[in-house]
Amino acid sequence: MKRIAFVMLSSVAVLVGGAQSVADGLKAIYYEKYKTAKSILEKLVAANPADVDANYWLGQASLNDGDVQAARAEYAKAMATTNQNPLIIVGMGQVELLEGKGADAKAHFEAALAATNNKKGGDPKILTAVGRANADGDSKTGDPVYGIDKLNTAAKLDLKDPEIYVQMGINQLKRGGEFGGESKKAYEEALTRDPKYAKAKLRIAKIFLSQNNKELFLPLMEEATQLDPNYGPAWLALYTYYAERDVNKAKEYLDKYIALADKDCETDFFYADYLLRAGNKEQALTKAKEMEGSCGGQNFPKLDKLYAIIYDRMGDSLNAKASMAKYISKEKPEKIGALDYANYAAILAKFPGNEAEVETNMSKAIEKDTTTAQRVEYATMLASTYGKASNFCGQAKWLKMVAQWKPSLTATDYYFWGDAVTKCAKTYPTTDSIPRSAAFLNADSIYGAYIIKYGDQPQGYAFRAIAAKLADYDTTKGTAIIPIDAYTTFLRQDTLKNKRTIINNYYYEIPYFAQIKDFQRVLDAVNAILVLDPTNAYATSVKKIAEDQLKARGIKPAGNSPSPAPIKPGGAPAATLKQGNKPI
């Protein structure tokens, strides 16, 4: 949803038939009831086509509702009926910004500002409208620095309007995440002007939501509902947060939002969404089919998205894919959210051969929502989908992205990442020894980092040893010896509990050392086995062979060390451990 809010106009609102005014339309926009707002403002414009404020805010209502084409038509008509009033000129400039016509928009802004320049420094209404226009759209739309400059001037001329600072805060955020502090200051200034301005409070909450700071954003969202219990967007924000966490609590917030919002396809969509999250898949599907009658004939592409989500939850991936493709093709690009692209990528990932399209859609999701927490969530979601589809190389790629973006990896993160890399490496032909070995050494590096961070846990040692064995699939290089010895050393902290695993580790090493004729290491290994299992027949027989081989070479056996010191094997050594938690 977009950003225009109710502000007090300097002119007195014109009443139509003693019923509704421009102020009523603005109030509806503030509460994001765009259907109501357009109904009010359309009547005002029909009654008085020259009403500048009614025309301007009608265009803004359309822009807030995501209908740029309707806004263009409304402003084009108003340019004639209002004799190219500066406020309408700014509105047309805003449309042009959203259409990618930056130069045309700037020319319109400058013309409107020049026409209203006076000894006081300008008209705060026009200056605010220019700031609002540059606040609209994504981070690539408009010039936020230019918008902030005009809003600063407006704030000096109009000492009461809180919306000036809300638009300033939005512009600050468009400059980048590092300006979050400046954005927060602007929203706080809006609240200084109007302590009940719930929109500004919700904006502050969303800054902390982007940082995943639950301790701050949840209380702030609740405060927004307390400042103005009729501010529906705050109830919707709480529903959206709790929808995947506490469906019963989410329902309470949704009921409050629906009671306040325009009753339309949008509210039906949210109710069907709730049914699905509550586990009522069939009821959600029934609701979607009911919406066909009221929304199917309208321009409401989100119905296709609803079907896609329902079918995906029901395990019908084919219909989910078809429905989401319809939504993406029919919806206006500016209304497709980051999560929409991420969900589409996850659905496509279930079908082999769609890798390029998967990557394209996930890249769009990440471009739309650049917050670190959200990137991690999207990458994790796609990695999970790839894993379930047994596309382990795809899973490994996106888990590596998680490792790059996540501030600190957990033991579970390392496990799944290393496991995916190992399984991916298994897909290489055994004859393709160079990339196969390189892939397994990558797993070795991941598990090495696991050991550095969680050295008191056995899993890192165990998985590193497994990956190293797979890297040396024909047991000729000896690259698994060092990781196996490290694992054995760890296991020796409790030889009674780990006896069988320790013996199996030595079983792996004995043939390799025999192959390279290092019979002292063979003897060390069998002696270590016999310390743990004195009746081990295999170790007893191999011990005699090793001793005989040493004697034949005139070498005196070194003894019966139960824990031989690691000796560098032949061939390339295993990858060394890397400091930090993000191996390359």
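Here is a short report on the structure shown in this document. Throughout, residues of each chain are indexed from 1 in the direction in which the sequence is written. For a predicted model such as this one, the threshold for reporting local features is a pLDDT of at least 70, and the threshold for listing and counting side-chain atom pairs is 80 or more; totals across whole chains, interfaces and linings nevertheless cover every residue. Heavy atoms throughout the structure, all of them, feed into the side-chain values; hydrogens and water do not.

## A closer look at the overall build of the protein chain
Here comes step 1: We count a stretch as a helix when DSSP gives it H or I for four or more residues in a row; a strand needs E for two or more, and each element gets its number in order from the N terminus. For the protein chain, the count of helices and strands is 29 helices and zero strands.
Here comes step 2: Radius of gyration here is computed from C-alpha atoms only, and the compact-globule reference equals 2.2 Å multiplied by the residue count raised to the power 0.38. Here the protein chain has a C-alpha radius of gyration of 33 Å; the compact-globule value for 584 residues is 25 Å, and the former is much larger.
Here comes step 3: Oriented by its inertia axes, the alpha-carbon framework of the protein chain measures out at about 115 × 55 × 40 Å.
Here comes step 4: Each residue's exposure class comes from its accessible area (1.4 Å probe, protein chains only) as a fraction of the maximum for that residue type: buried when under 20%, exposed when over 50%, partly exposed otherwise. Within the protein chain, the proportion of its 584 residues that are buried is 51%.
Here comes step 5: Here the contacts in the protein chain between residues at least 6 apart in sequence split such that 58% fall between residues at least 24 apart.
Here comes step 6: Surface accessibility of the protein chain: about 26800 Å² in total, with carbon and sulfur atoms responsible for 53%. The contact criterion used is simple: two residues touch if any of their non-hydrogen atoms lie within 4.5 Å. Surface exposure here means Shrake-Rupley accessible area, sampled with a 1.4 Å probe, where a residue is shielded only by the protein chains that are shown.

## Observations regarding the packing of aromatic side chains
Here comes step 1: The aromatic pairing rule takes the rings of Phe, Tyr and Trp, using the six-membered ring of Trp, and pairs them if the centres are within 6.5 Å, calling planes under 30 degrees apart stacked, those over 60 edge-to-face and the rest tilted. Applying the stated rule across the entire model yields 25 aromatic pairs.
Here comes step 2: Measuring from centroid to centroid gives 5.8 Å for Phe269 and Phe270, while their planes differ by 80 degrees, and the two rings are edge-to-face.
Here comes step 3: Judged by its relative accessible area of 12%, Phe270 falls in the buried class.
Here comes step 4: Judged by centre distance (5.0 Å) and plane angle (65 degrees), the rings of Tyr415 and Phe416 are edge-to-face.
Here comes step 5: Taking relative accessible area as the criterion, Phe416 reaches 42% and is therefore assigned partly exposed.
Here comes step 6: The rings of Phe217, Trp235, Tyr241, Tyr242 and Tyr253 are connected pair by pair, giving a single aromatic cluster.
Here comes step 7: Here the guanidinium or amino end of Lys302 rests over the ring plane of Phe269, the centre of that ring lying 4.4 Å away. In this analysis the charged atom, NZ for Lys or CZ for Arg, is taken to sit over a ring once it is within 6 Å of the ring centre and within 35 degrees of the ring normal.

## Digging into the side chain of Asn498
Here comes step 1: Relative to the helices and strands, Asn498 is located in helix α27 (residues 495–515).
Here comes step 2: Here a polar contact is recorded for every N or O atom pair within 3.5 Å, except that within protein the pair must consist of a potential hydrogen donor and a potential acceptor, and residues adjacent in sequence are included only if both atoms are side-chain atoms. Looking at Asn498, its side chain comes within polar contact range of the main-chain oxygen of Leu491, at 3.0 Å.

## Description of the packing of helix α13 (residues 232–242) against helix α14 (residues 247–260)
Here comes step 1: Axis separation between α13 and α14 bottoms out at 8 Å; the angle between their running directions is 155 degrees. As far as their axial angle goes, α14 and α13 are roughly antiparallel. For the crossing formed where α13 meets α14, the hand is left-handed. On α14, the residues touching Gly232, Trp235, Leu236, Leu238, Tyr239 and Tyr242 of α13 are Val247, Lys249, Ala250, Tyr253, Leu254, Lys256, Tyr257 and Leu260.
Here comes step 2: When the residues that make up the contact of α13 with α14 are grouped by side-chain class, the tally is eleven nonpolar, one polar and two charged. Convention adopted: a line fitted to C-alpha atoms gives each axis, helices being fitted over their contacting stretch, and angles between N-to-C directions are expressed from 0 to 180 degrees. We call two directions roughly parallel when the angle between them is under 35 degrees, roughly antiparallel when it is over 145, roughly perpendicular when it lies between 65 and 115, and oblique otherwise. Left-handed describes a crossing whose near helix is turned anticlockwise from the far helix through less than a right angle; right-handed describes the clockwise counterpart. Three categories are distinguished: nonpolar for Ala, Val, Leu, Ile, Met, Phe, Trp, Tyr, Cys and Pro, charged for Asp, Glu, Lys and Arg, and polar for the others, with Gly belonging to the last.

## Things to note about the state of the cysteines
Here comes step 1: Our working definition of a disulfide is a cysteine sulfur pair at a distance within 2.5 Å. Enumeration according to the criterion identifies two disulfides in this entry.
Here comes step 2: With a sulfur-sulfur separation of 2.1 Å, Cys265 is cross-linked through a disulfide to Cys295. Disulfide Cys265 to Cys295: torsion about the S-S bond roughly -110 degrees, handedness left-handed. With a gap of 30 residues between them, Cys265 in helix α15 (residues 265–277) and Cys295 in helix α16 (residues 281–296) connect regions that are remote in the sequence.
Here comes step 3: The buried category is assigned to Cys265, whose relative accessible area is 7%.
Here comes step 4: Through a disulfide, Cys393 is tied to Cys424; the S-S separation comes to 2.1 Å. Disulfide Cys393-Cys424: the torsion about the S-S bond is 90 degrees, which places it as right-handed.

## Description of the nonpolar core
Here comes step 1: In this text, buried Ala, Val, Leu, Ile, Met, Phe, Trp, Tyr and Cys residues form a nonpolar core when linked through side-chain atoms within 4.5 Å. With 145 residues, the main nonpolar core has Phe109, Tyr239, Tyr257, Leu306, Met362 and Trp398 as its most contacted residues.
Here comes step 2: Contact partners of Met362, with chain neighbours within four places excluded, come to Ala342, Ala345, Tyr378, Met381, Leu382 and Trp398.
Here comes step 3: In terms of nonpolar packing, the next biggest core, distinct from the first, is built from 31 residues, Ala480, Phe490, Phe513 and Ile529 among them.

## Describing helix α2 (residues 34–47)
Here comes step 1: Expected span, for any helix, means 1.5 Å times one less than how many residues it has. Here α2 spans 20 Å end to end across 14 residues, near enough to the 20 Å set by a 1.5 Å rise per residue.
Here comes step 2: Packed against the buried residues of α2 are α1 (22–30) and α3 (52–64).

## Comments concerning the packing of α27 against helix α28 (residues 519–532)
Here comes step 1: Closest axis-to-axis distance for the α27/α28 pair is 9 Å, and the angle between their directions is 160 degrees. The pairing of α27 with α28 is recorded here as roughly antiparallel in orientation. The interaxial crossing formed by α27 with α28 has left-handed handedness. Facing Thr495, Lys499, Ile502, Ile503, Tyr506, Tyr507, Glu509, Ile510, Phe513 and Ala514 of α27, the residues of α28 in contact are Phe519, Arg521, Val522, Ala525, Val526, Ala528, Ile529 and Leu532.
Here comes step 2: Grouping the amino acids of the contact of α27 with α28 by side-chain chemistry returns 14 nonpolar, one polar and three charged.

## Observations regarding the pattern of salt bridges
Here comes step 1: Just to be clear on terms, a salt bridge is a Lys or Arg side-chain nitrogen sitting within 4 Å of an Asp or Glu carboxyl oxygen. For the coordinates displayed, the defined rule picks out 25 salt bridges.
Here comes step 2: In this structure, the salt-bridge partner of Asp67 is Lys332, at a minimum N-O distance of 3.4 Å. Note that Asp67 is positioned in the loop between α3 and α4 (68–81) and Lys332 in the loop between α18 (317–330) and α19 (338–348), a separation of 265 residues in sequence.
Here comes step 3: Owing to a relative accessible area of 24%, Asp67 belongs among the partly exposed residues under this scheme.
Here comes step 4: Of the charged contacts in the structure, one is a salt bridge between Lys287 and Asp268, with a shortest N-O distance of 3.6 Å. Highlighted residues: Lys287 in helix α16 and Asp268 in helix α15, separated in sequence by 19 residues.
Here comes step 5: Judged by relative accessible area, which is 18%, Lys287 ranks as buried.
Here comes step 6: Classification of Asp268 by relative accessible area gives partly exposed; the value is 23%.
Here comes step 7: If you follow the salt bridges from partner to partner, you end up with Arg72, Glu99 and Lys101 in one network.

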